[in-house]
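These are the residues of each chain, in order.
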Amino acid sequence: MHLPAALRVTVRCSCVALGTRLFCSSFSSMSTMESGLLSRSLFSEVPLKRQGLPEENPHQGFDVTLTETDTFSLLDISPTIISEDAEGAEAVKHRNIHYAEFCKSRMADDNYSERSTQAFVGEPKTKHVQTNKHSSANKSTTATIWDMYDSVCQPVDAGETQEVDQEDYFVSTKKEKDKPEGSLSGDTGSTLSSVVEMETCVDSLTAESDQDKILSLESFQNSLLVMERVVVLNIFQPMLAAFRGLPVLKDPYSAEKNPAAMDQSTEDKEWFLTPTLESLWVFACPLSIGRNITSMTWNKRNPDILAVGYGDWSSGSPKPGLVCCWSLKNIMWSERVFPCHSSVTCLDFSANHPDQLAVGMYDGSVAIYNIQARNHVPCIANSCDSSKRHQQPVWQVMWTKQQLQLSGEEREEVLVSVSGDGRVTKWLILSDGFNCIDLMIVKRIQNHKEKPAGNQEQMENVLLPATPVLCVDFHPTDAGIYVIGTWDGRMHKCSFSNSAHFLDTYNKHFSPVTQVEWSLFYPDVFLSCSADWTIQLWQLDTMTPKMSFTSVQSPVDSVKWSPNCSMVFAAVYRQRLEVWDLSSSILLPTAVHHAEPGITLRSVLLAKGSDCVLVGDSVGRVTVYKLKNFRAGKQKQVNNLDDIMQAVPGSLYD
């Protein structure tokens, strides 16, 4: 704002020769004017005093000079609007466009926050407002490593997220603006609550549909599987460490002092303690509880996978069976469950195809399941519709490698089953279906029948009905040789190349032979158990057993060699589990475990690479026991077993 300056009037007389200057004495009435301009008509009314002028020429003319003082500014504000024709108009337009773009991009900045602020300029004023009550809730979350990894691998478009957030913000703002102001009466409150309930219902339905989509994703299910395994391994770490023979992880914040010294002292004490069985955990789930366990087998390629068969035919009417595949990575729930139309009697994994599991059933069917299949049809072969299937229960199935006739080096794997109809059958998956070839049909043969005819004795062979075959096992090094156990107590050595005759017959048991098991360390030695309460140790070319073991008057249902030591085996006697260590004693079992009242032990299995034994019972539980204080397996395996058999006099068992 510019103020008008004061005016100063100078009067110069023309009549004075010496240039004397005469000044106006006073212009008080015209020193400041509103318009800031002076007109010539005003000066005619100004009375002037003449000083020093002669009286004789009063009408002499003179000059009047007006001058203006310097202008000074009290307030200077630049204009905010300029004309489009001005010189700097284009630059101003360019700055305005740049500022608008900057304001738009500011919303996507992480440092930008749309909230109100108050600048501390001067003393703040107190202002009272009336609003609704603000409700707050505490929420927390955890960002794990895989969350951050997923966020990096699957980035979200910032523009789309910004648009969605803006739309949600505008919608919520519009809803709040549409709400009626004023006092909340009963009708208004009910209307608002109903609207809120409707919005909540819609949001919940949308959330449920999104949850269903998320739960159906395969990646989400795999993540849940991994997380479940991690939690279970964390809970059962001491038991799993004991199973694998690893040290138990100690809590760094535990009050125990010098755990290494404590472990060493414990090991020193255990050397002098009696061998015992310590229970680690139980394989059981709601689907298996109450079912009778009939067989167990380890996967030959992955020793962490255990297959368990369930079935019951004691009541006379067989019940539907079940196969559960357990993993040591999740011992609380089975990884695969395969329901079967008949009770399961036997199981065996393939060595060449570890994903194939052979299953024998009580109705005579043989099936092959693919444990890696996640669809509803995991069964890849089934003999239930075959005309050549077994007519009696299949008591054992076993994969074996057979040498091809064209090449002596290549060996293919075939499935062999034995049944109560007396047949030893080889199964093949052909183009026309699941077909079989009989390797041998075992007939019950009466050796001789005496018919008195004078003083002569007539000998003749009489063919009787087929003898049920209960078990089979193949030679570890010569797959063409196998031994079968029959219902009448005989065991026969057979060959793939001779399907009409037995190679040898072992006559020691006088009751059904329930199990035959070859030694992995000594190929010509095998064990057999029977319902006659005995366990026999045989050598291939000897028709009499090398050793016989009897500890209790009860049928022996199953016997298994240890895959880690040639002198250790385990046996099940209905109500009793025995573990024998021949290096310690050949007369009494090294460790004994009794079953709970009312529970029958059905199957036994030893773990490879671990000092643990698994026992299946009649209520659907597979209990894992740790063999503690066992000192077997410290020396050469074959020599020890051979020395023990040579040291035992043969006359004791002949």
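Asks: I would appreciate a short explanation of the overall build of the protein in the present structure.
Replies: When helices and strands are counted, the protein shows nine helices and 35 strands. Here the protein, with 654 residues, has 34% of them falling under the buried criterion. Across the protein, contacts joining residues at least 24 apart in sequence account for 51% of those joining residues at least 6 apart. Within the structure as shown, the protein displays about 42,300 Å² of accessible surface, and the carbon and sulfur contribution to it stands at 53%.

Asks: Which parts of the structure should I look at to understand the side chain of Gln539?
Replies: Locating Gln539 in the fold gives a position in strand 27 (residues 535–539). When residues no more than four places from it in sequence are discounted, the contact partners of Gln539 are Tyr506, Tyr522, Asp524 and Lys546.

Asks: Would you mind showing me how to read unusual backbone geometry here?
Replies: Across the chain, the bulk of peptide bonds are trans and the bulk of non-glycine residues have phi less than zero. The phi torsion at Trp533 lies on the positive side, around 80°, for a residue other than glycine. Following the sequence through the fold, Trp533 ends up in the loop between strand 26 (525–530) and strand 27. A residue is classified by how much of its surface remains accessible, and Trp533, at 35% relative accessible area, is partly exposed. For Arg574, which is not a glycine, the phi torsion comes out positive at approximately 60°. Structurally, Arg574 can be placed in the loop between strand 30 (568–572) and strand 31 (576–581).

Asks: Would you take a moment to explain the sheet that holds strand 35 (residues 622–628) for this structure?
Replies: Paired through backbone hydrogen bonds, the strands of a sheet run either parallel or antiparallel to each other. Taking strand neighbours across the sheet as the criterion, the four strands line up as 4-35-34-33 in an open arrangement whose pairing is antiparallel. The open sheet terminates on both sides in strands that have one partner only, identified here as strand 4 (276–283) and strand 33 (601–606). The mean inter-strand angle of the sheet, taken between neighbouring strand axes irrespective of direction, is 25°. Across five bridges, the pairing between strand 33 and strand 34 (residues 612–617) is antiparallel. Note on strand 34: the bridge partner recorded for Leu601 is Asp617. Of the strands in this sheet, strand 4, strand 34 and strand 35 are in contact with helix 7 (residues 237–244), which crosses strand 4 at around 125°.

Asks: When you look at helix 7 in this model, what are you seeing that I'm missing?
Replies: Every buried residue belonging to helix 7 is among Leu240, Ala241 and Phe243, and all of these are buried. Down the axis of helix 7, the buried side of the element spans an arc of 160°, and every buried residue falls inside it. Where the residues of helix 7 are buried, they touch helix 6 (218–235), strand 4, strand 5 (293–298), strand 34 and strand 35. Phi for Gly245, located one or two positions after helix 7, is positive at around 75°.

Asks: Sorry, what's going on with the pairing of strand 7 (residues 321–327) here?
Replies: Both faces of the sheet carry side chains from a regular strand, because those side chains alternate between them. Within strand 7, seven of the seven residues are buried, which leaves it mostly tucked inside the rest of the structure. Side chains of strand 7 alternate between two faces, with Gly321, Val323, Cys325 and Ser327 and Leu322, Cys324 and Trp326 buried alike. When strand 6 (residues 305–310) meets strand 7, the two strands line up antiparallel, connected through six bridges. By the bridge assignment for strand 7, Tyr310 is matched with Leu322. Bridge analysis of strand 7 against strand 8 (residues 336–340) gives five bridges, and the strand direction is antiparallel. Pairing of Cys325 across the sheet is with Arg336, part of strand 8.

Asks: Looking at this model, I keep getting lost on the sheet that holds strand 10 (residues 356–361). Mind explaining?
Replies: Pairing within the open sheet is antiparallel, and its four strands lie in the order 9-10-11-12. Looking at which strands have only one partner, the edges of the open sheet turn out to be strand 9 (344–349) and strand 12 (379–382). Shown here is a sheet whose adjacent strand axes are inclined to one another by a mean of 20°, direction ignored. With five bridges joining them, strand 9 and strand 10 adopt antiparallel strand pairing. Across the sheet, the residue bridging to Leu347 is Val359, located in strand 10.

Asks: Looking at this structure, I do not really get the packing of aromatic side chains. What am I missing?
Replies: To describe a pair of aromatic rings, one takes the distance between the centres and the angle between the planes. All chains considered together, the criterion is met by 19 aromatic pairs. Residues Phe243 and Trp281 carry aromatic rings whose centres are separated by 5.5 Å and whose planes lie at 55° to one another, so their mutual orientation is tilted. With Phe243 in helix 7 and Trp281 in strand 4, the pair connects residues that are 38 residues apart, well separated along the chain. Here the two residues Phe243 and Trp281 agree in accessibility, since each one is buried. With a centroid separation of 6.0 Å and an interplanar angle of 10°, the aromatic rings of Phe569 and Trp580 are classed as stacked. Of this pair, Phe569 sits in strand 30 while Trp580 is found in strand 31, placing the two residues 11 residues apart along the sequence. Summarising the burial analysis for this pair, Phe569 and Trp580 share the class buried. A connected cluster of aromatic rings, assembled from ring pairs, spans Phe243, Trp281, Phe283 and Trp326.

Asks: Could you clarify how one ought to interpret the pairing of strand 25 (residues 513–518) in this entry?
Replies: Within strand 25, five of the six residues are buried, leaving the element largely enclosed by the surrounding structure. In the sheet, strand 25 pairs with strand 26 via five bridges, with the strands oriented antiparallel. Bridge pairing in strand 26 links Val513 to Ser530. Taking the residues between adjacent antiparallel strands as the criterion, strand 25 and strand 26 are bridged by six residues.

Asks: Just checking my understanding: could you explain the side chain of His509 for this structure?
Replies: Counting through the fold element by element, His509 comes out in the loop between strand 24 (504–507) and strand 25. Engagement of the side chain of His509 in a polar contact is seen with the side chain of Ser528, the distance being 2.8 Å. A polar contact of 3.4 Å, which involves the side chain of His509, links it to the side chain of Thr534. Those residues in contact with His509 that lie beyond four places of it in its chain are Asp488, Gly489, Met491, Ser528, Cys529, Ser530, Asp532, Thr534, Gln536 and Trp538.

Asks: Quick question: what am I supposed to make of the environment of Ala531 here?
Replies: With respect to the helices, strands and loops of the structure, Ala531 is situated in the loop between strand 26 and strand 27. Residues Ala531 and Trp487, 44 residues apart in the sequence, show an inter-C-alpha distance of 9.9 Å. Not counting residues up to four positions away in its chain, the partners in contact with Ala531 are Ser511, Pro512, Pro555 and Val556.

About the cut-offs
- Residues numbered from 1 in each chain as written.
- Predicted model: local features only at pLDDT ≥ 70, side-chain atom pairs only at ≥ 80, totals over all residues.
- Heavy atoms only, no water.
- Helix = DSSP H or I, 4+ residues; strand = E, 2+ residues; numbered from the N terminus.
- Buried < 20%, exposed > 50% of the residue type's maximum accessible area, 1.4 Å probe, protein only.
- Contact = heavy atoms within 4.5 Å.
- Areas by Shrake-Rupley, 256 points an atom, 1.4 Å probe, with all protein chains shown as cover.
- Pairing = 2+ DSSP bridges.
- Axes fitted to C-alpha atoms, helices over the stretch in contact; angles between N-to-C directions.
- Arc of directions from axis to C-beta.
- Phe/Tyr/Trp six-rings, centres within 6.5 Å; stacked < 30°, edge-to-face > 60°.
- Polar contact = N/O pair within 3.5 Å; in protein donor to acceptor, adjacent residues only side chain to side chain.

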